[in-house]
Amino acid sequence: MGVSTSVTVSRPEDGIALVTVDRPPVNALSVQDWFDLADAVRAAGRDPGARCVVLAAAGRGFNAGVDIKEMRRTPGHAALLGANRGCYEAFAAVYDCEVPVVAAVRGHCLGGGIGLVGNADAIVASDDATFGLPELDRGALGAATHLARLVPPHLMRTLYYTSRTVTAAELHRHGSVWAVVPRDEVLATALALAGEIAAKDGYLLRLAKAAINGIDPVDVHRSYRFEQGFTFEANLSGVADRHRDAFAQNSRNRGHRQNSTPADGPERGRGADTPGAGTPRAHPPRADTPRADTPETDAPGGKPS
């Protein structure tokens, strides 16, 4: 289905534009999807009637990064370069959007998802939401720039090196998630926050967004672009291909085990229909920081960006 860009003013009097991403099964985006998303967010921000943009996703989770299947089936480096540029454009579109952006996150938010929410102005998340960068497990690098906007520096480094995730509740304690609500209340809560923002003067909101971006201590565009250079180095070395191939094989094995296991068998519970099912662990994780939850069926998490 690609990106379904519902760029609409859902309550015209409140000036809210809703951008919805819908790419089953897990919202892992192709190269073209990233560019389409960037265009949709930019167009929403340019709309003179919009005073706040809500970025949401349909389906199981918010975002699972790039489409690794596309990466593996495309010869040469075309898909890698396309994903790098597409992710850069989408993340930049959220950050540079002329009006504030509220991210409405349900379920998994991995890889490229961190780039989107890390550049948003506010985050509303479901109580089952998990956030992480499984990049090292996928032979990729990138988006540490954006993870650093969500958690303190040493926690960012630990999460990055271990590929673990954090919950919405943990990010709420760090102050980076505005509200944690039941899954079916996420969009309504995000729209309510957007309505409160959109009640302000539109001209002043645009000035405020530009002013706040201007005083950021880190240039997110330059910082992220620096990270992307190391991603390309990992691909040139051949390391990235080995990790992507191993991930794809593990995904196939997980799917086979789940299809052949009785409904009441050992694959029930967390492994049955949850991103990250069957992800091998070198050491048991702390209860509050599991390893990166990774959707099994498509192109999870690790965005080569």
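Here, every reference points to the structure presented above.
Rules and cut-offs
Residues numbered from 1 in each chain as written. Predicted model: local features only at pLDDT ≥ 70, side-chain atom pairs only at ≥ 80, totals over all residues. Heavy atoms only, no water. Helix = DSSP H or I, 4+ residues; strand = E, 2+ residues; numbered from the N terminus. Buried < 20%, exposed > 50% of the residue type's maximum accessible area, 1.4 Å probe, protein only. Contact = heavy atoms within 4.5 Å. Areas by Shrake-Rupley, 256 points an atom, 1.4 Å probe, with all protein chains shown as cover. Salt bridge = Lys/Arg side-chain N within 4 Å of Asp/Glu carboxyl O. Phe/Tyr/Trp six-rings, centres within 6.5 Å; stacked < 30°, edge-to-face > 60°. 1 Å grid on protein atoms, 1.4 Å probe; cavity = no way out; pocket = protein on both sides within 12 Å on 5 of 7 lines; lining within 4 Å. Points joined across faces, edges and corners; volume = space filled by probe spheres on them. Core = buried A, V, L, I, M, F, W, Y, C linked by side-chain atoms within 4.5 Å. Axes fitted to C-alpha atoms, helices over the stretch in contact; angles between N-to-C directions. Parallel < 35°, antiparallel > 145°, perpendicular 65-115°, else oblique. Left-handed = near helix turned anticlockwise from the far one by under 90°. Nonpolar A, V, L, I, M, F, W, Y, C, P; charged D, E, K, R; others polar.

**Overview of the overall build of the protein chain**
- A tally of helices and strands in the protein chain yields twelve helices and nine strands.
- Scored against the burial criterion, the 305 residues of the protein chain give a buried share of 53%.
- In the protein chain, once contacts between residues fewer than 6 apart in sequence are set aside, the share between residues at least 24 apart is 74%.
- Total accessible area on the protein chain is roughly 13,200 Å²; 56% of this is exposed by carbon and sulfur atoms.

**Remarks on the pattern of salt bridges**
- Enumeration over the complete set of coordinates arrives at seven salt bridges.
- Across the pair D128 and R183 runs a salt bridge, and its minimum N-O distance is 2.9 Å. One end of the pair, D128, is in the loop between β6 (122-126) and β7 (130-132); the other, R183, is in the loop between β9 (179-181) and α8 (186-198), with 55 residues separating them in the sequence.
- Relative accessible area serves as the criterion here: at 36%, D128 is assigned to the partly exposed category.
- Look at R183 and you get partly exposed, because its relative accessible area is 27%.
- In this structure, a network of salt bridges that share partners links the residues R23, D33 and D67.

**A short note on the packing of aromatic side chains**
- Applying the stated criterion to the full structure yields four aromatic pairs.
- Where F91 meets Y224, the ring centres are 5.2 Å apart and the plane angle is 50 degrees; that geometry is what we call tilted. Of this pair, F91 sits in helix α3 (residues 78-96) while Y224 is found in helix α10 (residues 220-237), placing the two residues 133 residues apart along the sequence. For the pair F91 and Y224, one class covers both residues: buried.

**What to know about empty space enclosed by the protein**
- A full pass over the atoms with the stated rule returns one cavity of 30 Å³ or more.
- When its volume is computed, the largest cavity comes out at roughly 30 Å³.
- The wall of the largest cavity is formed by V21, L55, A56, A57, F62, N63 and L116.
- Counting residues per element, the lining of the largest cavity draws most heavily on strand β3 (residues 52-57), at three residues.

**Points about the nonpolar core**
- Of all hydrophobic cores here, the largest spans 55 residues; its most connected members are L55, V105, L116, V117 and F131.
- Here this core gets eight residues from one element, more than from any other, and that element is α3.
- In terms of nonpolar packing, the next biggest core, distinct from the first, is built from 18 residues, I16, C52, V102 and I197 among them.

**Quick word on the packing of α3 against α10**
- Running from N to C, α3 and α10 point in directions that differ by 165 degrees, and their axes come no closer than 11 Å. One way to sum up the angle between α3 and α10 is to call them roughly antiparallel. At the point where α3 passes α10, the crossing takes the right-handed sense. Contacts from L80, L81, N84, C87, Y88, F91, A92, Y95 and D96 of α3 reach α10 at V220, H221, Y224, R225, Q228, T231, F232 and N235.
- In terms of residue class, the contact of α3 with α10 is built from ten nonpolar, five polar and two charged.

**A closer look at the layout of surface pockets**
- If you add up the space inside the largest pocket, you get close to 340 Å³.
- Taken together, 15 residues make up the lining of the largest pocket; nearest its centre are A144, T145, A148, M156 and S223.
- Residue assignment for the lining of the largest pocket shows that the elements contributing at least two residues are α5 (144-147), α6 (153-162) and α10.
- Classifying every residue of the lining of the largest pocket by side-chain character gives nine nonpolar, two polar and four charged.
- Taken together, the elements giving at least two residues each to the lining of the second largest pocket come down to α4 (112-118), β6 and α9 (202-214).
- At three residues, α9 tops the list of elements feeding residues into the lining of the second largest pocket.
- Residues that form the lining of the second largest pocket fall into these classes: nine nonpolar, five polar and four charged.

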